[in-house]
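So the chains spell out like this:
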Amino acid sequence: TRSLLGVFEEDATAISNYVNQLFQAMHRIYDAQNELSAATHLTSKLLKEYEKQRFPLGGDDEVMTSTLQQFAKVIDELSSCHAVLSTQLADAMMFPITQFKERDLKEILTLKEVFQIASNDHDAAITRYGRLSKRRENEKIKAEVMEDVYTSRKKQHQTMMHYFCALNTLQYKKKIAMLEPLLGYMQAQISFFKMGSENLTEQLEEFLTNIGTSVQNVRREMDCEVENMQQTIEDLEVASDPLYLPDPDTTKFPVHRNLTRKAGYLNTRNKTGLVSSSWERQFYFTQGGNLMSQARGDVAGGLVMDIDNCSVMAVDCEDRRYCFQITSFDGKKSSILQAESKKDYEEWICTINNISKQIYLSENPEEIAARVNQSALEAVTPSPSFQQRHESMRPAVQSRPLAARTSSTGSLGSESAGLSALSLDSLVAPETPIQFDIISPVSEDFPGQTKSSGQSGSILHQLFIVRFLGSMEVKSDESPDVVYETMRQILAARAIHNVFRMTESHLLVTCDCLKLIDPQTQVTRLRFPLPNVVLYATHQENKRLFGFVLRTSGGRVESRQTSICYIFESNNEGEKICDSVGLAKQIAFHAELDRKASEKQKEIDRVKEKQQKELNKQKQIEKDLEEQSRLIAASSRSNQNSGEGQFVVLSSSQSEDSDLGEDGKKKRESEA
C-alpha cells in the first residue's frame, strides 16, 4: 500500500511541477501585455512537451497529447495577438489554474502532512500500547493508552481515506486545470480580438466546443466518482469502527484456529546486550513454509525462519504481553514476537503450528487443519473413565520421539467417581492458557527475607528435587480431582505441542512458604506463601506427579480471587512432599494459635492497665473537686463580710435579668 502510495505521490509532485510552470507561463500573459507574444510561444512550447513528460499515472494518454498538440498549434498562430483584456484573462484563464494551484495542490500537500502526522501518532500510540506492563497493570493508564490507540488509529484511517480520495481526484482535476484555462483563453481571444477572427475558423470553434463538452463530461465523471468514494468512506468508517480497538473482544471476533496463512504487524525482540533488548515493529507474513518480514520502505520481504517442523509456544516477557516464541526444527534459531491483541496472538500460534505440520501442502489445508485441531481438542477433553482417557492419550504419547520420558507421566490415574461427575468447565476456567515454564521474575533470596519468616523456618526445613511441568488457572479448589484433571490436561497439551523441556528446581518446604530455588545459582525463582496453598495432592497411581493449588488475589477479573494449580514431577517423592507440606501447615497452624493466645493475653493486660489508669484519674478528679469546694467556701465567707460588694453583684444580676426578659431569666435560672 505504501509503495503504491509513493507512486501516486510522485505523480502528484510531477503534476504540481508541471502546473506551476504552466501557471507561470499564463501569468506572464496576464501581467505583461508587451510580452504576450513570448508568453503564448512559451505556452505553446510547454503544451508540445507534454508528450515528453513521464507521469507515473496516465502519461501515455494519446487523446490528451493530441488535444494539447492541437492547442499548441492554434496558440502559435495567435502569438501575434498582443492585446488582451486583463479582466477577461483574469476570469477566464487565471482563475481556474490559480484555484487548482492554490486549493487543490495545496490540499494534497496538506493532506500529505496530516497523514504523516497521523501515521506517526499511530506508531507512537502503538509503541506505548505495546509497552504496557503485564505485572504492574494500571487500569487507568491502560484505558488511556487504549483510547489513544483508538483515536490515533481512527484518525489515521480517516485521514488516509481522504488523502487517497484526493489523490484519485487529482487525476481528473489535472485535466480540468489545464483544459479550462486554455479554453477560457481561447474564448477571450475570440470575444475580444476582432483581428484574430481570421485565424479562428469554424473548424477551430467546433474543436473548442468538443473540448468544452469533454471537460464537462470529465467533471461529471469526477463528481460521480467522488460521490462513490465518499459513500465508500462512510461505509468503511462504520464497518471499521470496532477494528480501531487494539485488543478487540474475542467473543465478537472469534479466533480462526485453522489458518495456514497469516500476515500482520508484529513486534520482534532484538538483543542489544547481555540483559538488555529492544523491540522493533515489522510486517510479518507466511509464504508456504517460510516466515517472512518486511520493514517499512522495503520493496519485498526477507526470510526470517523456515517454520516447517518448528515449535511455537507462548512465552512470558517481563515488559510485554501476547508474546510467543518460534524455534526452528534444529533448535539453532529462535525468535520472540509480540502480537497486538489476544486474537492475533492465538491466531499466529495456531497458524504457525499448522504450518509446522506441513498442512499447507495438502489440497484442502483448512479442512485438514480443522480435523487435526479437533483431534487435539478431543485429547484434552475430560473422558468419563480412565480407560477412555488412557486410549485418547495413547496415540499422542506414542507418536512423539521422546515417549520414554513422557510415558512415565502420561498415565493419569484410575477411575474417579468425582471426576467423571464433574465437567471441564466446573474444574478449569474456560480459555485458560497452559504455562509450561516458570514465568515469575527471578529475585534473590536476601538474608532479610529469611529473617522475616520468623522462627518457624528453623522448625521445618526440607528440600526436594522437582521438575516443573506446567500451571493453569482452575475454577475450583475444593477437591483433589482438580489437581488430577490439571495433571491430565497439562500432560496431554505437552504431548500435542511437542513440549518436552522441563525446568529442574529445588523445592524448599518451610512453615512459612514453599520456595523454588535454582540449583545452580541458589536464587529463588518462585515463592508460594503457605497460607495461600489451599489444596495439595499426589497422583493416585503415578507417585512421581504431585501438585498444589495456590489461591491468589486478583486475576483476569479485578477484585476476584483466582486459583492456580501448579504441577511438578519428582523422583518418586510425591507423597513425601505432600506429607511435608501438611506438616508445615500444622506447625504453622499451631504457631498461629499460640500467637493469637499471646496477643489475647497482651490485650487483657492492656485493658487492665487502662482500667487502673482510669481509676487513678478518677481519684485525682475527686481530690481536685474537694480543693475547689474549699476555695468556694472561703470565697463565700469573704463576700459576706463585704455588703457593698454583695449589693453591686445583686444589682448587676438584676439589671441583666431585666434586659433579658422573662425568657432570659428562665434561661439564667436553668444555667444556675
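Preceding block: the structure.
Every value quoted in this text rests on a predicted model; they were computed, and no experiment measured them.

## Description of the pattern of salt bridges
Phase 1 of the analysis: Using the criterion set out here, one finds 25 salt bridges in the structure.
Phase 2 of the analysis: Salt-bridge contacts for Arg-525 lead to Asp-518; the nearest nitrogen and oxygen are separated by 2.4 Å.
Phase 3 of the analysis: Salt-bridge contacts for Glu-609 lead to Lys-613; the nearest nitrogen and oxygen are separated by 3.8 Å. Here the residue Glu-609 and the residue Lys-613 both occupy positions in helix H16 (residues 574-640), the gap between them amounting to four residues, near one helical turn.
Phase 4 of the analysis: One continuous salt-bridge network, built from bridges that share partners, spans Lys-262, Lys-343, Asp-344 and Glu-347.

## Things to note about the nonpolar core
Phase 1 of the analysis: Core analysis: the biggest nonpolar cluster contains 52 residues, and Leu-47, Phe-71 and Met-186 have the highest contact counts within it.
Phase 2 of the analysis: At 14 residues, helix H5 (residues 139-192) tops the list of elements feeding residues into this core.
Phase 3 of the analysis: Excluding residues that lie within four positions of it along the chain, Phe-71 makes contacts with Leu-47, Leu-179, Leu-182, Met-186, Phe-207, Leu-208 and Ile-211.
Phase 4 of the analysis: Listed in part, the 25 residues of the second largest apolar core include Leu-291, Leu-337, Ile-349 and Ile-352.

## Section: the environment of Gly-212
Phase 1 of the analysis: Within the secondary structure layout, Gly-212 lies in helix H6 (residues 202-240).
Phase 2 of the analysis: You can call Gly-212 buried: its relative accessible area is 17%.
Phase 3 of the analysis: On a C-alpha basis, the gap between Gly-212 and Ile-176 in space is 9.9 Å, while along the polypeptide they are 36 residues apart.

## As for the pairing of strand S14 (residues 561-570)
Along any regular strand the residues' side chains alternate between the sheet's two faces.
Phase 1 of the analysis: Along S14, eight of the ten residues are buried, which leaves the element largely enclosed by surrounding structure.
Phase 2 of the analysis: As judged from the eight bridges shared by strand S8 (residues 461-474) and S14, these two strands associate in the antiparallel manner. Paired with Ser-471 across the two strands is Tyr-566, which belongs to S14.

## As for unusual backbone geometry
Phase 1 of the analysis: One non-glycine residue with positive phi stands out, namely Asn-309, at about 60 degrees.
Phase 2 of the analysis: Here Asn-309 lies in the loop between strand S4 (302-306) and strand S5 (311-315).
Phase 3 of the analysis: A positive phi angle, close to 60 degrees, is found at Gln-358, a residue other than glycine.
Phase 4 of the analysis: The residue Gln-358 is located in the loop between helix H7 (342-356) and helix H8 (365-379) in this model.
Phase 5 of the analysis: A residue is classified by how much of its surface remains accessible, and Gln-358, at 34% relative accessible area, is partly exposed.

## Focus: the sheet that holds strand S1 (residues 263-271)
Phase 1 of the analysis: Spatially, the seven strands line up as an open sheet ordered S4-S3-S2-S1-S7-S6-S5, and their pairing is antiparallel. Of all strands in the sheet, those bounded by a partner on one side alone are S4 and S5. Adjacent strand axes in the sheet meet at a mean angle of 40 degrees when their direction is disregarded.
Phase 2 of the analysis: The sheet contacts of H7 involve S1, strand S2 (277-287), strand S3 (290-294), S5 and strand S6 (323-327), and relative to S6 the element is tilted by about 15 degrees.

## Describing the sheet that holds strand S13 (residues 545-553)
Phase 1 of the analysis: Taken in spatial order, the seven strands make up an open sheet running S11-S10-S9-S8-S14-S13-S12, and their pairing is antiparallel. In the strand order of this sheet, the two ends are held by strand S11 (524-529) and strand S12 (533-538), each with one partner. Adjacent strand axes in the sheet meet at a mean angle of 30 degrees when their direction is disregarded.
Phase 2 of the analysis: Pairing of S12 with S13 involves five bridges; the strand directions are antiparallel. Each residue of the ladder has a partner; that of Ala-537, found in S13, is Gly-547.
Phase 3 of the analysis: Contacts from helix H15 (residues 481-496) reach S8, S12, S13 and S14, with the element oriented near 80 degrees to S8.

## A closer look at the packing of helix H1 (residues 2-31) against helix H2 (residues 36-48)
Phase 1 of the analysis: Contact geometry of H1 with H2 gives a least axis separation of 8 Å together with a crossing angle of 160 degrees. Relative to H2, H1 is oriented roughly antiparallel. Crossing geometry of H1 relative to H2 is assigned as left-handed. When H1 is examined against H2, the residues Tyr-18, Gln-21, Leu-22, Ala-25, Arg-28 and Ile-29 are found in contact with a partner set consisting of Leu-36, Ala-38, Ala-39, Thr-40, Leu-42, Thr-43, Leu-46 and Leu-47.
Phase 2 of the analysis: Taken together, the residues that form the contact of H1 with H2 break down as ten nonpolar, three polar and one charged.

Definitions and limits used
- Residues numbered from 1 in each chain as written.
- Predicted model: local features only at pLDDT ≥ 70, side-chain atom pairs only at ≥ 80, totals over all residues.
- Heavy atoms only, no water.
- Salt bridge = Lys/Arg side-chain N within 4 Å of Asp/Glu carboxyl O.
- Helix = DSSP H or I, 4+ residues; strand = E, 2+ residues; numbered from the N terminus.
- Core = buried A, V, L, I, M, F, W, Y, C linked by side-chain atoms within 4.5 Å.
- Buried < 20%, exposed > 50% of the residue type's maximum accessible area, 1.4 Å probe, protein only.
- Contact = heavy atoms within 4.5 Å.
- Pairing = 2+ DSSP bridges.
- Axes fitted to C-alpha atoms, helices over the stretch in contact; angles between N-to-C directions.
- Parallel < 35°, antiparallel > 145°, perpendicular 65-115°, else oblique.
- Left-handed = near helix turned anticlockwise from the far one by under 90°.
- Nonpolar A, V, L, I, M, F, W, Y, C, P; charged D, E, K, R; others polar.

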